[in-house]
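What the coordinates show
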Amino acid sequence: MADNRSNSSTPEITYYLNIENAKILAFTMVLGFVMYHSVIHMKYGNDSCKWLLSDGRFPGYNTWQPYGCMMHKYNNLDARMCMHYISYWGGNNHITFLGDSRIRQLYFEFVNLLSPTPIKSYKTHSDLHFRDDKIHATVDFLWHPMVNTSMYEVYKNWMMQDLKDQPNLVITGSGTWCIKQFNGSEDAKNNFAVNLTLVIPLMKKMKRAGGGKTNIIWMLQDPVDETRLYGNRSSITNQQIDNYNRVALDHLDDESVAKVWSSSRLVAQGIGERSEDGLHMTKPALDLDAQMLMNMYCNDNMNHADGTCCRSPEVATTLQIIVASFFLVCMVSAIALIMYRKRLRRISVKARAENGQRNGQNSSIIEPYQPCFDILTSLAKFGIIMAYFYICDRTNFFMKENKYYTHVNFILPFAYIMILGFFFTESTDQTVVLHRDQTDEWKGWMQLVILIYHLTGASKVLPIYMHIRVLVSSYLFLTGYGHFMFFWKKGQYNVFRYCQVLFRLNFLVVSLCFVMNRPYQFYYFIPLVSFWFIIVYLTMAIFPHITAASAEEKKIHYLYLILKFIILATIITLFYLSEVFFEKVFLTQPLKALFVTSDDSIHEWRFRWKLDRYSVLFGMLFAFAYQMLIKFRIINDTTEESLVSKGFSYCLMILGFIGLGSYTAFAFVCKNKRECNDYHSYIVFIPIVSYITVRNVPGWLRTKYSSFFAWFGKISLELFIAQYHIWLAADTNGVLALIPSYPVLNVIVTSFIFICISHEISKVTNTLAKYAVPSEWTRLLRNIVIFLIVLLPVAITHGVLMF
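The structure reproduced in this document is the subject of the present report.

Conventions used here
- Residues numbered from 1 in each chain as written.
- Predicted model: local features only at pLDDT ≥ 70, side-chain atom pairs only at ≥ 80, totals over all residues.
- Heavy atoms only, no water.
- Pairing = 2+ DSSP bridges.
- Helix = DSSP H or I, 4+ residues; strand = E, 2+ residues; numbered from the N terminus.
- Core = buried A, V, L, I, M, F, W, Y, C linked by side-chain atoms within 4.5 Å.
- Buried < 20%, exposed > 50% of the residue type's maximum accessible area, 1.4 Å probe, protein only.
- Contact = heavy atoms within 4.5 Å.
- Disulfide = S-S within 2.5 Å.
- Salt bridge = Lys/Arg side-chain N within 4 Å of Asp/Glu carboxyl O.
- Phe/Tyr/Trp six-rings, centres within 6.5 Å; stacked < 30°, edge-to-face > 60°.
- Lys NZ or Arg CZ within 6 Å of the ring centre and 35° of its normal.

Some words on the sheet that holds strand β12 (residues 728-729)
Strands sit in the order β9-β13-β12 across an open sheet of three strands; the sheet is antiparallel. Where the open sheet ends on each side, the last strands, each with one partner, are β9 (399-402) and β12. When β12 meets strand β13 (residues 734-737), the two strands line up antiparallel, connected through two bridges. The residue bridging Ala729 from the neighbouring strand is Gly734, located in β13.

So, in structure tokens, the structure goes:
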């Protein structure tokens, strides 16, 4: 029998290049990365403090990225708050810098992070002390530039003191002073090794006495600029420094003694600036070193989402364990059902072979199990996906890195995506304005741009931030437009459609709230879209029901619809003007749980709601205006020609480009985010309507679309939400690093896996929606009761419902 596929190589390739095979490859890659990171953890451990102190790279100018973890940028307020928290919970903030002039430099940099007033550094060969009773912090510098008897006595004296009087963090290091004093002699290096051997037992005793809470950091010696050294410092060569560092590494290889800080040396080597005297550290290097120390000391006590170095992962809650158990049961049940169905098939085949039965008689055996099979297999797949989400963003198993913005980092992927999208331009038979292919395309390219924006951390660039705000507003505009058009044309206000829309919107997010232990408002876009869908539904469903057919029969329905729009705009404005009224409504139980963040604040919801308070209404008004233009035959969208006459088309196109350009000019002119956001909600319709005008007025452009963008548009919702945990990391504050230290390759791999998972989530959601929201009243009511029974204990334990 001949193969149906062509003998040419192209059809053979395209036969295997499909999304289902891509998902199999993505699943295989995930298993591979699980094994790869398991080997890394077994060989090197999973202590992110060790990663912070040992390795890293410069992704950009004077920007340091530790290996495999994220470093928070501490300011004075953060640092003081850290000390206050540690003290409040019974900790001891006694930090000692022990060493030479380089250690003294680091001491001053660290103290200036804590001090409410700047402290000028100065040269001194004596001890220094800093004490702040408000935050209960003591920071000392002890001048002991060489590992000798004096340093030995320091550790010995500490051992004789009470535990509360001992420092809980010691940063020490030595080498250059010894090289200078003894002119780089070999005997001096040998004495350094012997003296270090004598000090090490005291270090061990001190750590044991502190119950593991005392940390000793040995800072390797930074390289010098030999061309700038003068006088007796000329004997301090990088070769000599390497020799002393090697001695320290040989003697301090056991972590029970001290943690070796080698990444500071990498910082000094890679920093762009050089010190004037060739010996001491530069300001940028000192700043990065002080930040590393602060991250090491504070991250595990603070709640900075962008600081994962030295931070313990979140402990799983009881609810998360229950949800994990549920998915595990679904997986086991799905496997058992698959095996049972295979057994039925074998029995059926055997029976046909023996009795000569016709093909297809086994379908009556298997079909009754089809709904159960679909539900269990879908939940099993979804459970595996949720497990990947949890591992990526609630554990330290996979690594995370900070975002890093440059114009090139943003523009290059943006340009590449746009070119790729234009390459897949195709024709469509649809000629109406904002037809399905076009709206999918619009959602697709907007979502890809938003992904690039989040990945690169471009929110700090105001013009880019404002244009992304337009894209988010466009989604809500399309929400108002699409739902209005459905109700206007079909007039179907049944509960089944209402529940189906809300299920498709919220299934992934509600599941993530349980699995990732985050509030509903954390995924702010879904609450926004769901809220505005309900508003559109209520606006259209409240008596009188107004449709295109009813308006044709009763012309006064047009007036009623306009009145509905006016009332809606008035209510929105009242909610905006009265913050007290706004909070009174949305902080009412049980609504409060849907609109507050983890710190019980409604600020985030009000901010998001306020930004786009009119966007959905603009979409509804545009849809109504579009229908009126068609009704009165001002435009014609039934052909592939332009909507209006040729001359008028040119005028509209020019106005469209002016509208787009005017918003871009506004984004560059406005001074800050607050000012821009205040105007945004009033003028955002200008770039949106301008884009629609340019995209739809000429027929040749209206009947073309990018299938590449449209494909992504069909899963834009899943892409927007899934990025939080399996493409980005640390709740969108960083980037998932499956391949650390190779950022470009890492983005390619994580993007591929992320897209495949998003597509599978969309597929699973559509499958489950058929069974979760059936078209029969009795089954729908049963499912709602089951959902409430499951949700009720969760709501009570989380304080949503009070009895």
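Some words on the nonpolar core
Considering soluble globular proteins, one finds that nonpolar side chains tend to be buried as a cluster. Residues Tyr388 and Phe389 are the most contacted members of the largest nonpolar core, which totals 150 residues. With 18 residues, the single largest contributor to this core is helix α17 (residues 462-490). Tyr388 has contacts with Val30, Phe398, Ile726, Leu736, Leu738, Ile753 and Ile757, leaving out every residue within four places of it along the chain. Listed in part, the 90 residues of the second largest apolar core include Leu114, Ala193, Trp261 and Tyr297.

Here's the deal with the state of the cysteines
Going through the model one piece at a time under the given rule, you end up with four disulfides. Paired through a disulfide, Cys82 and Cys298 show a sulfur-sulfur distance of 2.0 Å. Every disulfide takes its handedness from the sign of the S-S torsion; for Cys82 and Cys298 that torsion is -95 degrees, giving left-handed. With Cys82 in helix α4 (residues 76-88) and Cys298 in helix α11 (residues 283-298), the pair connects residues that are 216 residues apart, well separated along the chain. Residue class for Cys82 comes out buried when judged on its relative accessible area of 0%. The disulfide partner of Cys670 is Cys676, and the gap between their sulfur atoms is 1.7 Å.

Comments concerning the pattern of salt bridges
What the rule picks out here adds up to 26 salt bridges. Between Glu760 and Lys23 there is a salt bridge; the shortest N-O distance is 2.7 Å. In this pair, Glu760 sits in helix α32 (residues 743-772) while Lys23 sits in helix α2 (residues 19-44), placing the two residues 737 residues apart along the sequence. For the pair Glu760 and Lys23, one class covers both residues: buried. One salt bridge in this structure joins Asp600 and Lys592, with 3.2 Å as the shortest N-O distance.

As for the packing of aromatic side chains
Inspection of the entire model under this criterion finds 69 aromatic pairs. An aromatic cluster is present here, built from Phe531, Trp532, Phe575, Phe581, Phe582, Phe586, Phe595, Trp605 and Trp609 joined pairwise through their rings. In this arrangement the basic side chain of Arg606 is found over the ring face of Phe582, its NZ or CZ atom lying 5.0 Å from the centre. In this structure, Lys631 is placed above the aromatic ring of Phe632, and the distance from its NZ or CZ to the ring centre is 5.7 Å.

Examining the environment of Ile452
By secondary structure assignment, the location of Ile452 is in helix α16 (residues 436-456). You can call Ile452 buried: its relative accessible area is 8%. Taking the C-alpha atoms as reference points, Ile452 and Leu412, separated by 40 residues in sequence, lie 9.9 Å from one another. Setting aside chain neighbours within four positions, we find Ile452 in contact with Phe410, Pro413, Phe414 and Ile417.

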